[in-house]
Every structure is written in structure tokens, then in C-alpha cells.
Amino acid sequence: MDMADRTQLLRALEWQVAAGADEAIGDTARDRYAPPDVPARLMDAPQPSAPVVAAPAATGSPAQSAPAPVPVGEAASIAASIESLEDLYAAIEAFDGCPLKTTAKNTVIADGVAGAPVMLLGEAPGAEEDRQGKPFIGRSGQLLDLMLGSIGLSRQENAYISNIMFWRPPGNRNPSTEEIASCRPFVDRHIELIKPKVLVFLGAPAAQTLLGRSEGITKMRGRWFNFRSAGMEELDVPPIPAIATFHPAYLLRTPVQKRFVWQDMLAIRERLNQD
Ligand code: URA
């Protein structure tokens, strides 16, 4: 290969990395433009529908209960039998039911104080979180720390931080419905074991998944909802007040929206002060 070819190949690789394709997920390259290798008789067969993550709740006034989500797969029975945070962490580490685990470097579960009054949930670990095995430690995590600090909270003292996914999707793509569903029972059990006074959902994927709602984050942010997992409902545990706000990564791209997050932070402070 001459120097010009090499430079061209390097440029093509840099372009792929910049576009987010920064993980090798197979030993051989796959031609995604090739015709599918499917027998003709199957081409018109109806496709199975995606598993249900959670039924959408009726829209309307704040502070309504979210419907019980439908537990999916083997994670549900494992999660239901877990009684301590330590066992939950071990079960998530050992769980092989989420395909993202195969491409991630680390399992990323939580950071902060386990008995904290506030539990925050984002979407999925990014590259830095995947490298270090801790949630929200990259640029958006630094902004999150500033947001928390503005109302007297910190992961060292009184906040607990996690995500609805425990493994980084390759190239930071959005996790699929199935991938989210595979982790969901652990997320519910995580919340049940932490028992925070207040839940904060960072960004639309966390809010939509855990509240079973389909509205965008602009409509959901700043409003109080009730979070109640299927397990809490079964045991008649009261719901946990939950608020959604913009994801810090979105704020890094759109700083003008920080004023709304400031309002949300004040609402969280006020709610915590009530107890
Ligand atoms: N974004 C998230 O949603 N979670 C992280 O842990 C990091 C970035």
C-alpha cells in the first residue's frame, strides 16, 4: 500500500470515528447494503412485534401514577429475588441478557450515596463512563455536578446517580426498545432498594421509560409525576415523587435551556425541604 492509499484509509477511519462508529463489534466487516440472506418464503412473513416496555399513561395533570410496567425476560425473575444493593450490583454484573454488554468495556451501575434523598437517572453510559465504570463522569457529568451543587447536593454527600442502561451502546447510539426492556427490571429494583424521597429523570429516554409516557422532554420537564414500579404496586408501597429535566448533554449543546433546568433544580430543592 502506498502512502497516498494509507492516508486516504486513515481519513476514512477518522471520518467513521467522528460519526460515532468507534467500536469494533465483529471480527469481520459486514456489508449492510447487501441483499438480505433470507429465504424467499419468509420475506412476506409478519414480523413479531417489539416487547412492551410500559403502557403509556393518560396525559393530563401532573402527579398522576404511572401504570405498572410489564416485566420482560429473565431479568424480571432475577431482580424480584434480590434483597440488597450489593446483590443487585452483583446480579447486574453477572447478567448476560443485554446485548450491549458484549461491546461495552465495563458495567456502569451507580455513583453517590446509597441512602441519599435524591436519585437521578440518565440514559446510558458514554465513552468516559464506559472506560471508568462510573456514571456521569464525562463533560455532562461535570455539568450535572454543577447543577446539583447549585441546590446543595453532591454525589459525595447526598445524591445517588445511575442510568436506565448499564452498558454503553456502541458509538453512543440510542439503545433499542429491547435493550431498554432487558435492563428495566433491574432499574425498578434499584429504585425500590434505594427508596429515594425524590427521583430525577435526566432527559427523555429515562423519563419516558420510567413514567411510561411518550411526550417529549420539553412537555414533561418541570412537572411532578408519581413513580411506582410493579413491585411497589404489589406491596402497596406509596409512589415516589418524580420530576424530569433536560439532560446535561443537551444543555452543553443548548445552553440557553439552562434557565429551565434552574427552575427544575429549585423545584427539587423545595420538595426536599418539605420533608
Ligand atoms: N449520559 C448519560 O445519560 N449517562 C451517563 O452516565 C453519561 C452520560
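Structure report, in brief.

Conventions and cut-offs
Residues numbered from 1 in each chain as written. Predicted model: local features only at pLDDT ≥ 70, side-chain atom pairs only at ≥ 80, totals over all residues. Heavy atoms only, no water. Axes fitted to C-alpha atoms, helices over the stretch in contact; angles between N-to-C directions. Helix = DSSP H or I, 4+ residues; strand = E, 2+ residues; numbered from the N terminus. Parallel < 35°, antiparallel > 145°, perpendicular 65-115°, else oblique. Left-handed = near helix turned anticlockwise from the far one by under 90°. Contact = heavy atoms within 4.5 Å. Nonpolar A, V, L, I, M, F, W, Y, C, P; charged D, E, K, R; others polar. Pairing = 2+ DSSP bridges.

So, about the packing of helix α2 (residues 73-80) against helix α6 (residues 177-194). In the contact formed by α2 and α6, the axes pass within 6 Å of each other and the chain directions differ by 20°. In terms of their interaxial angle, α2 and α6 are classed as roughly parallel. You can see that α2 and α6 cross each other, and the crossing is right-handed. Residue-level inspection shows A75, A76, I78, A79 and A80 of α2 in contact with α6, the latter providing S182, P185, F186 and R189. Of the residues in the contact of α2 with α6, the class split is seven nonpolar, one polar and one charged.

We now examine the sheet that holds strand β6 (residues 240-245). Strand order in the open sheet formed by six strands is β1-β3-β2-β4-β6-β5, with mixed pairing between adjacent strands. Because the sheet does not close on itself, it has two edges, and the strands there are β1 (110-112) and β5 (224-227). Within this sheet the neighbouring strands show an average axis-to-axis angle of 25°, counted without direction. Sheet analysis places β1 next to strand β3 (residues 159-163), joined by three bridges and oriented antiparallel. For G112, the partnering residue across the bridge sits in β3 and is Y160. In the packing of α6 onto the sheet, the strands contacted are β1, β2 (118-122), β3, β4 (198-202), β5 and β6, and the crossing angle to β2 comes to about 165°.

By themselves these figures say nothing about function.
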